[in-house]
Amino acid sequence: MAEITGGELPSDDDTYTMPYEWVYTASLGLLCIAIITGNILVLLTFSKDKSLRNSTGLMIMSLAICDLITGAVAVPSVVLTLIDLPALRFMREGIGCHFSGVSTLSTCTCSLLLLALVSIQRFFLITRPHCAFATDKRVCGGAIALVYLYSFSLSFVALAPAISGYVLHPWSITCTLDIPGDMPVEVFTGIYVGFTWIFAGVSICLAQVGILREVCRRTQTSSSRRRSRQLQEKRRTY
């Protein structure tokens, strides 16, 4: 067993107060309201405007749904772990810790991968507008389904058994990891982060760079054609 331990949950007789605890709680509560309100407005816009129901709109709508789940489920579970009340102690141990950790990790991973998917789709839409991934809603829907399946299944299968309880630190509350087998936790974390967060970040950067290069190329081509037409008009004039 590769185990990380950083502390123990205090008993009922002990008291624990995180610095600025209510500031964190209020900030996360406001963030939760903003996330839910904003993404509901996005979904209402898509439901009323049929012109947005294309491949790009499908990507953005799926991202809004994921962010809505984050604001309605993941963020409130984190808020509950910050409230120091006896009735909410279950959120810092056992199933509460599992639910908070897994839901937060799943939705954040899914949201980041969907952002990468949106960037890749926009890249193909600009550079290869006839590609199926750029225009076909069925292909985009299949890619979105794979992202949701990967994010939620990986988090629940790989991380739910590993999360054993919250460790109280001066500035934050985190879960300890209890990795099965002899795999070092650094290797486990590296594999997960490498295949999700780094992959998504690199994909977003490469897609944006490719879009910028294509825009610059088209701008230069347009300028060259404009100068060529101006030269031809001058020659005709003389």
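Residues numbered from 1 in each chain as written. Predicted model: local features only at pLDDT ≥ 70, side-chain atom pairs only at ≥ 80, totals over all residues. Heavy atoms only, no water.

Visitor: Describe in detail the overall build of the protein chain, supporting the description with residues and values.
Guide: Within the protein chain one finds six helices and three strands. Relative to its full complement of 238 residues, the protein chain shows a buried share of 35%. Within the protein chain, contacts between residues at least 6 apart in sequence are counted, and of these 75% link residues at least 24 apart. (Helix = DSSP H or I, 4+ residues; strand = E, 2+ residues; numbered from the N terminus. Buried < 20%, exposed > 50% of the residue type's maximum accessible area, 1.4 Å probe, protein only. Contact = heavy atoms within 4.5 Å.)

Visitor: Before we move on, could you go through the confidence of the model for the protein chain and cite the residues and values that matter?
Guide: For the protein chain, the average pLDDT comes to 77, and 71% of its residues sit at 70 or higher. For residues 168-172, every residue scores under 50 in pLDDT, and the model assigns this stretch 18 contacts once sequence neighbours within four places are set aside. (pLDDT = per-residue confidence, 0-100.)

Visitor: Describe in detail the environment of V147, supporting the description with residues and values.
Guide: In this fold, V147 is placed in helix α5 (residues 137-159). The class for V147 is buried, based on a relative accessible area of 10%. Residues within four places of V147 in sequence aside, it is in contact with C110, L113, L114 and L117.

Visitor: If you had to explain the packing of aromatic side chains to someone new, which residues and values would you point to?
Guide: A full pass over the atoms with the stated rule returns three aromatic pairs. Between the aromatic rings of F124 and F133, the centroid separation amounts to 5.9 Å while the plane-to-plane angle is 85°, which identifies the pairing as edge-to-face. On the basis of relative accessibility, which here comes to 24%, the residue F124 falls in the partly exposed class. Judged by relative accessible area, which is 14%, F133 ranks as buried. (Phe/Tyr/Trp six-rings, centres within 6.5 Å; stacked < 30°, edge-to-face > 60°.)

Visitor: Go over the pattern of salt bridges with me, naming the residues and quoting the values.
Guide: According to the stated counting rule, one finds three salt bridges in the structure shown. The closest approach of N and O atoms between E214 and R218, which form a salt bridge, is 3.0 Å. Placement of both E214 and R218 in helix α6 (residues 185-237) is noted, with a separation of four residues, approximately one turn of the helix. Look at the salt bridges and you will find they share partners, linking E214, R217 and R218 into a network. (Salt bridge = Lys/Arg side-chain N within 4 Å of Asp/Glu carboxyl O.)

Visitor: An account of a nonpolar patch on the surface is requested, with residue identities and associated values reported.
Guide: Together, V193, W197, I198, V202 and L206 line one region of the surface with nonpolar side chains, adding up to about 450 Å² of accessible area. Along the chain, V193 falls in helix α6. For V193, a relative accessible area of 31% gives the class partly exposed. (Patch = residues over 30% accessible without salt bridge, like charges linked within 9 Å, V, L, I, M, F, W, Y side chains within 5 Å. Areas by Shrake-Rupley, 256 points an atom, 1.4 Å probe, with all protein chains shown as cover.)

Visitor: Explain the side chain of T107 to me, and be specific about the residues and the numbers.
Guide: Mapped onto the fold, T107 is located in helix α3 (residues 95-127). The class of T107 is buried, set by a relative accessible area of 2%. At 2.8 Å, the side chain of T107 and the backbone oxygen of S103 are in polar contact. Residues in contact with T107, not counting those within four places in the same chain, are C66, I69, T70, A74 and F152. (Polar contact = N/O pair within 3.5 Å; in protein donor to acceptor, adjacent residues only side chain to side chain.)

Visitor: Can you break down the environment of I69 residue by residue, with the values?
Guide: Structurally, I69 can be placed in helix α2 (residues 55-82). For I69, a relative accessible area of 29% corresponds to the partly exposed category. Residues I69 and I36, spaced 33 residues apart in sequence, show a C-alpha to C-alpha distance of 8.3 Å. Leave out the neighbours within four places in its chain, and I69 touches A74 and T107.

Visitor: Explain the nonpolar core to me, and be specific about the residues and the numbers.
Guide: In terms of nonpolar packing, the biggest core is built from 18 residues, with M59, C110, L114, L117, I144, V147 and Y148 touching the most fellow members. Secondary structure elements with two or more residues in this core: α2, α3, α5 and α6. Counting residues per element, this core draws most heavily on α3, at seven residues. The residues contacting C110, other than those within four sequence positions of it, are C66, V147, Y148, S151 and F152. (Core = buried A, V, L, I, M, F, W, Y, C linked by side-chain atoms within 4.5 Å.)

Visitor: Outline the state of the cysteines, listing residues and values.
Guide: Two cysteines, two sulfur atoms, one covalent bond between them: this is a disulfide. In the structure shown here, the tally under the stated rule is zero disulfides. Unpaired in this structure, C66 has its nearest cysteine sulfur neighbour in C110, at a distance of 3.6 Å. Taking relative accessible area as the criterion, C66 reaches 1% and is therefore assigned buried. (Disulfide = S-S within 2.5 Å.)

Visitor: Break down α2 for me, with residues and values.
Guide: Residues separated by three or four positions in an α-helix point in the same direction, a consequence of the helix having 3.6 residues per turn. A rise of 1.5 Å per residue sets the reference length of α2, with its 28 residues, at 40 Å; its end C-alpha atoms lie 40 Å apart and thus fit the reference within 8%. Approximately 35° is the largest bend angle found in α2, and it occurs at T70. Put simply, N54 is the residue that caps the front of α2, since its side-chain oxygen is 3.3 Å from the backbone nitrogen of T56. (Expected span 1.5 Å × (residues − 1). Bend = angle between axes of the 7 residues up to and from the residue.)

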